[in-house]
Amino acid sequence: MLDHPVYDGEGNKIGDATHIFFDVITGEPEWVTVKTGLFGSSESFIPIHDATVVEDHLEVPYHRDEVKEAPRVDIDARGSLSEEEERRLFEYYGMDWDTAWQQEQSRTGRTARSEEEMRVGVERREVGRARLRKYVASEEQQRTVPVRREEVRVEPEPITDANRGDAMADPDLVETEHEVILHEEAPVVETSTVPKERVRSTTDEETVTSEVRKKRKKAEE
């Protein structure tokens, strides 16, 4: 297929096939590259697993514009794809990288590179109940309040030239009665409700520790 045309599903020519990339484990073809530009060594990668050979050219189920926008890789630098580059191509073409990797490992009988990850979250669970009961308690309090009251005291007053006229105004030897209103102060008690305390919940922080395992490979000669 090298140097043969590559077309999309609508019959548009994308370019000529320049390289075929094989999986280093299975040996199966994975990608075909097409040089769509005029200069440079970067080429567009196209998945080959759904491609079909029609007469003298290759047809792929991807539109020409989509292929031209695919991530470019400078293949002259190494002649192979890194894992990160292949992952980006898988994501661009909407292919599941993890599933493809696991299937590949399953076919070859190799152990997949995997490791455990620690995920920490919180779950809400009932650990007990607290019942708050409000009740009214009465207590006796004493306060000392000064009060005043009026009293009547009869004080003899000597007759002087100044008050003689008032003293002689009353008839002699006649029984009379005078009424005087007396006042006194009495303590008055009033009560009012005022807030004193509040009840609220608190949030604590806890640190969790867990052991995670990772698979490692060791080359043996």
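Before reading on, note that the structure itself is shown above.
Conventions we followed
Residues numbered from 1 in each chain as written. Predicted model: local features only at pLDDT ≥ 70, side-chain atom pairs only at ≥ 80, totals over all residues. Heavy atoms only, no water. Salt bridge = Lys/Arg side-chain N within 4 Å of Asp/Glu carboxyl O. Helix = DSSP H or I, 4+ residues; strand = E, 2+ residues; numbered from the N terminus. Buried < 20%, exposed > 50% of the residue type's maximum accessible area, 1.4 Å probe, protein only. Phe/Tyr/Trp six-rings, centres within 6.5 Å; stacked < 30°, edge-to-face > 60°. Core = buried A, V, L, I, M, F, W, Y, C linked by side-chain atoms within 4.5 Å. Contact = heavy atoms within 4.5 Å. Polar contact = N/O pair within 3.5 Å; in protein donor to acceptor, adjacent residues only side chain to side chain. Arc of directions from axis to C-beta. Pairing = 2+ DSSP bridges.

Looking now at the pattern of salt bridges. Per the stated rule, a full pass over the model turns up five salt bridges. Of the charged contacts in the structure, one is a salt bridge between E83 and R87, with a shortest N-O distance of 3.8 Å. Taken as a pair, E83 and R87 lie in helix α2 (residues 83–92) at a separation of four residues, close to a single helical turn. Residue class for R87 comes out partly exposed when judged on its relative accessible area of 25%. Residue R129 pairs with E126 through a salt bridge whose shortest N-O separation is 3.5 Å. Residues R129 and E126 agree in their burial class; the two are exposed.

Tallied over the entire structure, the rule returns six aromatic pairs. Ring geometry for W31 versus F90: centroids 5.8 Å apart, planes at 75°, classification edge-to-face. Here the residue W31 occupies a position in strand β3 (residues 29–34), and F90 occupies one in helix α2, the gap between them amounting to 59 residues. We note that W31, like F90, is buried. Both rings, one in Y62 and one in Y93, keep their centres 4.7 Å apart while their planes meet at 65°; by these two values the pair is edge-to-face. In this pair, Y62 is assigned in the loop between β6 (57–59) and α1 (64–68) and Y93 in the loop between α2 and α3 (97–108), connecting sequence segments 31 residues apart. Judged by its relative accessible area of 10%, Y62 falls in the buried class. Taking relative accessible area as the criterion, Y93 reaches 8% and is therefore assigned buried. These aromatic residues form a ring-pair network of at least three members: F21, W31, F45, Y62, F90, Y92 and Y93.

Judged by nonpolar contacts, the single largest core of 23 residues is most densely connected at V6, I14, W31, F45, I46, V60 and Y93. Put simply, the parts of the chain that give this core at least two residues each are β2 (13–22), β3, β4 (42–47) and α2. With residues near it in sequence (within four places) discarded, V60 still touches V6, Y7, D8, G9, I14, I46, P47 and A51.

Take E10: it is sitting in the loop between β1 (5–7) and β2. For the pair E10 and H63, spaced 53 residues apart in sequence, the C-alpha separation works out to 7.5 Å. Of the polar contacts made by the side chain of E10, one reaches the side chain of H63; its length is 3.4 Å.

Moving on: α2. Every buried residue of α2 is accounted for by E85, E86, L89 and F90. Taken down its axis, α2 places every buried residue within 140° of arc, on the same side.

Our focus in this paragraph is the side chain of S44. With respect to the element layout, S44 can be found in strand β4. Under the relative-accessibility criterion, S44 is labelled buried at 0%. Among the polar contacts made by the side chain of S44, one reaches the main-chain carbonyl oxygen of V67 at a distance of 3.5 Å. A distance of 3.1 Å separates a polar atom in the side chain of S44 from a polar atom in the side chain of R72.

For β3, the buried fraction is high: five of the six residues fall into the buried class. In this structure, β2 lies alongside β3, joined through five bridges in antiparallel fashion. Its bridge partner lying in β3, F22 is registered against P29. Between β2 and β3, which pair antiparallel and follow one another directly, the connecting turn spans six residues, one of which, G27, has a positive phi of 80°.

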